[in-house]
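Next come the chains, spelled out residue by residue.
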Amino acid sequence: MKASSFYFEEALFLLLGLCAMELVTLAQPGHHATIPTVLGNVSSLISHHTSIGGEISFVSRYLLRALARQDLVVSLVHLSRPRVPTCIWFETIDCAKADRLLGYTATLMPLLEELCILAEDMREQILKPCHASATDQAVLENTEASMSPSSQDTSNATDTSPKSSVSVCSDIKRPSAMTPFFNPSPESTSIQLRAASLYHRLTAWSPPITDNNPFLTTRKFRVQAASYRSAALLYLHRLEHPPSSSINNDDASQPAVSETGTEAEADVMDLHGAHDVLLYASGAPATETKLLLWPVFLAACEMRGEEDRRAVGEVLASIAAHRRTVTVERTRRFVEERVWRARDAGQDWNWMVLAQKWSGECLSI
């Protein structure tokens, strides 16, 4: 039988269908989710297709956008580089109009991709059992490196570009009307410089809306864009300032007993960031919250007071009512049973650490 000339599109459609099936019929708690494995197969498929000179058709780009949205969330949770590079699907998107899959967040996706890469490069610092913050560790390592005589020699510098997209994206024309895809030079690979640059670009980012649709028509896409931007800033801050251990305190405005001044300030700042996310998510009609699971998950992890926890619980319930996917319930259970319980017991409640420890329980897609 002659091989189909649309094998790439057909394979992507099949893999997307497998992801969709798991979102609806995910195995019982304790079973590992297979979506990361499916996305790994997508990465292999892309690499093979591009290596033989295959073209990326309009249909395949559409399917890749759907997979990329899931892949970015999985990568952010797992502190890993994305498997579906943004450059594969981005250039055909009219960013000024709301996309059916991405809304107005298309131009935010490269920044989220860069956030994934930064998270992977900081992964060891985040997961190692130490009392120093990730920022302190990075400062120490960079200081030691700068004092080394070999630090001035960049001839053998390691390329920190995304492993999954270097070969795939090297020959693809990149759109000019957006933030360049992340490809740091040896001179600018400092964790601090990269984090600071990303912070300023996330802060300055806004969706390039030029369509003339009525507000009520585009509100859900505007809410999605604002929520994801606030969540990305919250995520970035937590990379640099991991949560402190804390003892249960119903007054969320007061620092926990075990917190130092710096830790308390970081926790308060991130609580404000979480409130920013909920400002958009809780104010939206129930039918417009179904795309906000990842931002709401990040916000929920920061909640300490009972009133805040009830508020975020209502938003999660609203999402569950309209999504009807198992991942919503799993996300709620992970927040309540892993993050909040650890925080109330004065243990390490850093969700980034807990998500690796309880792999498969946290999948906020």
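Please read all numbers here as calculations on a predicted model, not as lab measurements. (Residues numbered from 1 in each chain as written. Predicted model: local features only at pLDDT ≥ 70, side-chain atom pairs only at ≥ 80, totals over all residues. Heavy atoms only, no water.)

A separate point is the overall build of the protein chain. Looking only at helices and strands, one finds 15 helices and zero strands in the protein chain. Taken over 365 residues, the protein chain has a buried fraction of 50%. When contacts within the protein chain are restricted to residue pairs at least 6 apart in sequence, long-range pairs at least 24 apart make up 78% of them. When the accessible surface of the protein chain is split by element, carbon and sulfur atoms take 55% of a total near 17400 Å². (Helix = DSSP H or I, 4+ residues; strand = E, 2+ residues; numbered from the N terminus. Buried < 20%, exposed > 50% of the residue type's maximum accessible area, 1.4 Å probe, protein only. Contact = heavy atoms within 4.5 Å. Areas by Shrake-Rupley, 256 points an atom, 1.4 Å probe, with all protein chains shown as cover.)

Here we take up the confidence of the model for the protein chain. A residue-level look at the protein chain finds 75% of positions with pLDDT of 70 or above and a mean pLDDT of 80. Per-residue pLDDT, averaged within each element of the protein chain, yields its smallest value for helix α7 (residues 134-147) (43) and its largest for helix α12 (residues 293-301) (97). Contacts for the low-pLDDT stretch residues 130-164, under 50 throughout, to residues beyond four places or in other chains number 50 contacts. Here residues 255-259 is modelled with pLDDT under 50, and outside its nearest four sequence neighbours on either side it reaches 17 contacts, counting other chains as well. (pLDDT = per-residue confidence, 0-100.)

Another aspect to go through is the side chain of T327. One can find T327 in helix α14 (residues 326-344). One polar contact links the side chain of T327 to the main-chain carbonyl oxygen of I365, over a distance of 3.1 Å. (Polar contact = N/O pair within 3.5 Å; in protein donor to acceptor, adjacent residues only side chain to side chain.)

End to end, helix α5 (residues 109-121) covers 19 Å across 13 residues, agreeing with the expected 18 Å (1.5 Å per residue, within 8%). Counting buried residues in α5 gives 11 out of 13 residues, a clear majority hidden from the surface. For α5, the full list of buried residues reads M109, P110, L111, L112, E113, E114, L115, C116, I117, L118 and A119. Where α5 is buried, its residues meet α3 (58-78), α4 (86-89), α6 (123-127), α9 (191-204) and α10 (215-240). (Expected span 1.5 Å × (residues − 1).)

So, on to unusual backbone geometry. Even without a glycine there, the phi angle at L79 is positive, about 55°. Topologically, L79 is positioned in the loop between α3 and α4.

Scanning the entire structure with this criterion turns up three cavities of 30 Å³ or more. Considering only enclosed or pocket space, the largest cavity measures out at about 80 Å³ in volume. Contributing to the lining of the largest cavity are R69, L72, V73, L76, L102, T105, M109, L112, Q224, Y228 and W294. Going through the elements one at a time, α3, α5 and α10 are the ones with two or more residues in the lining of the largest cavity. Top contributing element to the lining of the largest cavity by residue count: α3, with four residues. Looking at the lining of the largest cavity residue by residue, the classes come out as eight nonpolar, two polar and one charged. (1 Å grid on protein atoms, 1.4 Å probe; cavity = no way out; pocket = protein on both sides within 12 Å on 5 of 7 lines; lining within 4 Å. Points joined across faces, edges and corners; volume = space filled by probe spheres on them. Nonpolar A, V, L, I, M, F, W, Y, C, P; charged D, E, K, R; others polar.)

Taken N-terminus to C-terminus, the directions of helix α1 (residues 7-25) and α3 make an angle of 30°; their axes are 10 Å apart at the nearest point. With respect to α3, the axis of α1 lies roughly parallel. For the element pair α1 and α3, the recorded crossing hand is left-handed. Residues F8, E9, L12, F13, L16, C19 and L23 of α1 touch α3, and the partners they reach there are V59, S60, L63, L64, A66, L67 and Q70. The residue inventory of the contact of α1 with α3, partitioned by class, reads 11 nonpolar, two polar and one charged. (Axes fitted to C-alpha atoms, helices over the stretch in contact; angles between N-to-C directions. Parallel < 35°, antiparallel > 145°, perpendicular 65-115°, else oblique. Left-handed = near helix turned anticlockwise from the far one by under 90°.)

Together, L14, L18 and M21 make up a nonpolar patch on the protein surface, roughly 300 Å² of accessible area in all. Within the secondary structure, L14 is located in helix α1. Looking at L14, the relative accessible area reads 55%, which means it is exposed. (Patch = residues over 30% accessible without salt bridge, like charges linked within 9 Å, V, L, I, M, F, W, Y side chains within 5 Å. Salt bridge = Lys/Arg side-chain N within 4 Å of Asp/Glu carboxyl O.)

Okay, the packing of aromatic side chains next. Counted by the stated rule, this structure contains eight aromatic pairs. Between Y7 and F8, the aromatic rings sit 6.5 Å apart at their centres with planes inclined by 65°, giving edge-to-face as the arrangement. Each ring, one from W89 and one from F90, has its centre 5.8 Å from the other, and the planes form 45°; the classification is tilted. In terms of burial, W89 and F90 fall into one category: buried. What links up through ring pairs into an aromatic cluster is the set Y228, Y235, W294, F297, F334 and W351. The cationic tip of R338 hangs over the ring face of W358; the distance from NZ or CZ to the ring centre is 3.5 Å. (Phe/Tyr/Trp six-rings, centres within 6.5 Å; stacked < 30°, edge-to-face > 60°. Lys NZ or Arg CZ within 6 Å of the ring centre and 35° of its normal.)

A few words on the nonpolar core. Counting residues in each nonpolar core, the largest one holds 94 residues, and the members touching the most others are L64, L115, Y235, L239 and W351. Ignoring anything within four residues of it in the chain, the contact list for Y235 reads L76, L79, L115, A119, W294, L298, W351 and M352. (Core = buried A, V, L, I, M, F, W, Y, C linked by side-chain atoms within 4.5 Å.)

For A106, the location among the structural elements is in the loop between α4 and α5. For the pair A106 and A96, spaced 10 residues apart in sequence, the C-alpha separation works out to 9.1 Å.

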